[in-house]
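Letter by letter, the chains look like this.
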Amino acid sequence: MRKATTLALLATGLVALGCGAGSTDEASTSKADAGSAKGDAKPKTAKIGQPARDGKFEFTVKSSKCGVTKIGTDLIGAKAQGQFCLVTVNVKNIGKESQMFDGSSQKAYAANGTEYSADGGAAIYANKNAETFLNDINPGNQVTGVVVFDIPKNVKLAKLELHDSPFSGGVTVSLA
């Protein structure tokens, strides 16, 4: 009986966290977002160097470099299963409250639609100050860090889907 009660409380807590995690401030929605909420076409895709908003974050992808086989030093680091793609991204909090940036909530896609998740373990070695690992960003502040994807050697990434939380809709940034 005690186990069932504990599990029920835990499940309720997780559902409650999930319900509010993707919420946004009205002030942080752009005109393009407002138009898409009325049933217009999908929001446009940003390109490298262009700001793109999802919830309380404005993302600007600075660069993308693939073909990296190892991150870190000879003593400590991570070796790619295939190849690492290092995506440098600036994340600015455009909301009115602190928001946690989590690199593991970001996704990458190949041209054929195959989805790749971020490699949080490798990102530790790619970032000096853990910029992409559960980093609280206060309103108006920004951080720049590297999100790492471990993809097969013969694959080229076509786009990213960047999220302000694990439950947000995300925004697309083209890498082509």
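Before any of the text, the structure's been laid out above.
All of the points below concern the structure found in this document. Model, not experiment: these values are computed from the prediction.

Reading the values: rules and limits
- Residues numbered from 1 in each chain as written.
- Predicted model: local features only at pLDDT ≥ 70, side-chain atom pairs only at ≥ 80, totals over all residues.
- Heavy atoms only, no water.
- Helix = DSSP H or I, 4+ residues; strand = E, 2+ residues; numbered from the N terminus.
- Buried < 20%, exposed > 50% of the residue type's maximum accessible area, 1.4 Å probe, protein only.
- Contact = heavy atoms within 4.5 Å.
- Areas by Shrake-Rupley, 256 points an atom, 1.4 Å probe, with all protein chains shown as cover.
- Patch = residues over 30% accessible without salt bridge, like charges linked within 9 Å, V, L, I, M, F, W, Y side chains within 5 Å.
- Salt bridge = Lys/Arg side-chain N within 4 Å of Asp/Glu carboxyl O.
- Phe/Tyr/Trp six-rings, centres within 6.5 Å; stacked < 30°, edge-to-face > 60°.
- Pairing = 2+ DSSP bridges.

As a further point, take the overall build of the protein. Along the backbone of the protein there are three helices and 11 strands. Taken from the N to the C terminus, the helices and strands of the protein come in the order α-α-β-β-β-β-β-β-β-α-β-β-β-β. Classification of the 176 residues of the protein by burial places 38% in the buried group. Taking the contacts inside the protein whose residues are at least 6 apart along the sequence as the reference set, 70% of them involve residues at least 24 apart. When the accessible surface of the protein is totalled, it reaches about 10,400 Å², and 54% of it is carbon and sulfur.

Nonpolar side chains collect at one region of the surface, where Leu75, Ile76, Ile124 and Tyr125 lie side by side and expose about 460 Å² of accessible area between them. Among the structural elements, Ile76 can be located in the loop between strand 3 (57-72) and strand 4 (77-93).

Attention now moves to the packing of aromatic side chains. For the coordinates displayed, the defined rule picks out three aromatic pairs. Measuring from ring centre to ring centre gives 5.9 Å for Phe57 and Phe59, while their planes differ by 80°; the resulting arrangement is edge-to-face. For the pair formed by Phe57 and Phe59, the shared burial category is buried. Look at Phe57 and Phe101: their rings are 6.1 Å apart centre to centre, the planes differ by 70°, and that puts the pair in the edge-to-face class. Of this pair, Phe57 sits in strand 3 while Phe101 sits in strand 5 (residues 99-101), and the two are 44 residues apart along the sequence.

Turning our eyes to something else, we now look at the pairing of strand 2 (residues 51-54). Only one face of strand 2 is buried, namely the one carrying Ala52 and Asp54, since none of Pro51 and Arg53 on the opposite face is buried. In this structure, strand 2 lies alongside strand 3, joined through four bridges in antiparallel fashion. Along strand 3, the bridge assignment pairs Ala52 with Phe59. Linking two consecutive strands that pair antiparallel, namely strand 2 and strand 3, is a turn of two residues; a positive phi of about 60° is found at Gly55 within it.

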